[in-house]
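# Close look at the chain arrangement
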Amino acid sequence: MTLETNQEELKRLKNIILATIDYSLQKSADIIKIDGRVPGESYYQELKQSTKYHFKQKNFAKLQQILSKVLETPVARGDGSFDNYIKEKTGYEISIFKNIEENTDKIIKQNKIENEEEFYDAARMIHKLKQEYADEDKINVLDNLCRDFAKLINKTKILDDKYIPKELSHIQSPNKKYRLIVSESEQNGEYGVTSVCVTSKNGGASIYDVERINLDIKAYWEGDNTIIIESKKEYKALSRRNQIQFGNDVIDVNLIED
């Protein structure tokens with residue numbers, strides 16, 4: 001690879017990474033904001049700075065690693081419009097689902113999912129096809145193969161060391177658009193967390209987390225745009241939020257501690 005070719009490839013990687021970060025931040029902002037900020041914003045800003053640094057250092061391997069990281073989000077979303085966005089934004093062509101499409105064709109041909117990598121590729125392809133309202137037969141085949149593999153894994157995996165949430169309450173908002181969930185989880189009885197989360201059809205987030213389980217915590221709706229959380233001052237809070245926003249819907253969080 002000549003010096004000129006190498007520099008062009010470094011530039012291609014940098015521009016695609018930066019455009020992908022902007023794209024992911026905008027997509028996230030359209031879905032959810034917490035206390036006025038997009039979840040993961042600081043992480044993405046750090047990746048931007050790291051990208052610019054490694055571009056100056058001509059570190060091809062590091063830029064490739066960062067590109068793999070930032071592409072995880074549009075791939076996980078099954079975002080079929082991403083390739084066109086990158087082409088329009090940077091002039092470079094990219095195909096984030098090419099390998100996944102090849103892998104899922106192989107899965108269908110062998111009529112079996114053999115490992116977790118194939119399982120995740122199949123799940124990503126299902127998500128993409130559903131968003132495009134395309135090829136229902138392919139969706140059904142992959143769905144059934146995923147179910148078969150999940151049953152096999154559930155029989156063989158040991159879950160004792162995993163956090164297994166226990167739902168304590170589940171209240172739908174008056175407008176039926178959101179769900180308010182109080183849950184608790186622990187690991188081998190040694191460590192516990194109680195959480196209050198809000199979810200929508202596109203995602204969700206925790207708005208209040210405290211140490212320990214079996215606590216006296218209540219959460220409920222006061223209209224469509226206000227959540228009341230009743231807790232106690234002696235509980236050790238791990239995180240607390242004042243507001244959560246889904247699209248144009250802003251929901252205030254009022255914490256009452258006695």
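Here, every reference points to the structure presented above.
The sections below set out a description of the structure shown in this document. Computed from a prediction, not measured in an experiment: that's the story for all the values here.

What follows covers the environment of Asn225. With respect to the helices, strands and loops of the structure, Asn225 is situated in the loop between strand S6 (218-221) and strand S7 (226-231). On the accessibility criterion, Asn225 (39% relative accessible area) is partly exposed. With 51 residues separating them in the primary sequence, Asn225 and Pro174 have C-alpha atoms 9.4 Å apart. Excluding its chain neighbours within four sequence positions, the residues that come into contact with Asn225 are Val250, Ile251 and Asp252. A distance of 3.1 Å separates the side chain of Asn225 from the backbone oxygen of Val250, its partner in a polar contact.

Working note: regular strand, side chains alternate between the two faces of the sheet. Taking burial as the measure, the six residues of S7 include five buried ones, the bulk of the element. Two strands pair when backbone bridges link them, and S6 and S7 are joined in this way by four bridges, in the antiparallel orientation. What sits directly across from Lys218, in S7, is Glu230. The antiparallel hairpin formed by S6 and S7 contains four residues in its connecting segment, where Gly223 sits at a positive phi of about 80°. With six bridges joining them, S7 and strand S10 (residues 249-257) adopt parallel strand pairing. Bridging across to S10, Glu230 finds its partner in Ile256.

In space, the five strands of this open sheet follow the order S1-S9-S10-S7-S6, with mixed pairing throughout. Two strands in the sheet have a free side with no partner beyond their single neighbour: strand S1 (33-34) and S6.

Summarising the element assignment, Ser24 is placed in helix H1 (residues 3-31). When residues no more than four places from it in sequence are discounted, the contact partners of Ser24 are Tyr44, Val70, Thr73, Pro74 and Arg77.

Okay, the packing of helix H2 (residues 41-56) against helix H3 (residues 60-76) next. Close contact between H2 and H3 brings their axes to 10 Å; oriented N to C, the two are set at 155°. Relative to H3, the element H2 lies roughly antiparallel. Viewed along their axes, H2 and H3 form a crossing whose handedness is left-handed. Of H3, the residues touching H2 (which contributes Tyr43, Tyr44, Leu47, Ser50, Thr51, His54 and Phe55) are Lys62, Leu63, Ile66, Lys69, Val70 and Thr73. The residue makeup of the contact of H2 with H3, split by class, is seven nonpolar, four polar and two charged.

Rules behind the numbers
Residues numbered from 1 in each chain as written. Predicted model: local features only at pLDDT ≥ 70, side-chain atom pairs only at ≥ 80, totals over all residues. Heavy atoms only, no water. Helix = DSSP H or I, 4+ residues; strand = E, 2+ residues; numbered from the N terminus. Buried < 20%, exposed > 50% of the residue type's maximum accessible area, 1.4 Å probe, protein only. Contact = heavy atoms within 4.5 Å. Polar contact = N/O pair within 3.5 Å; in protein donor to acceptor, adjacent residues only side chain to side chain. Pairing = 2+ DSSP bridges. Axes fitted to C-alpha atoms, helices over the stretch in contact; angles between N-to-C directions. Parallel < 35°, antiparallel > 145°, perpendicular 65-115°, else oblique. Left-handed = near helix turned anticlockwise from the far one by under 90°. Nonpolar A, V, L, I, M, F, W, Y, C, P; charged D, E, K, R; others polar.

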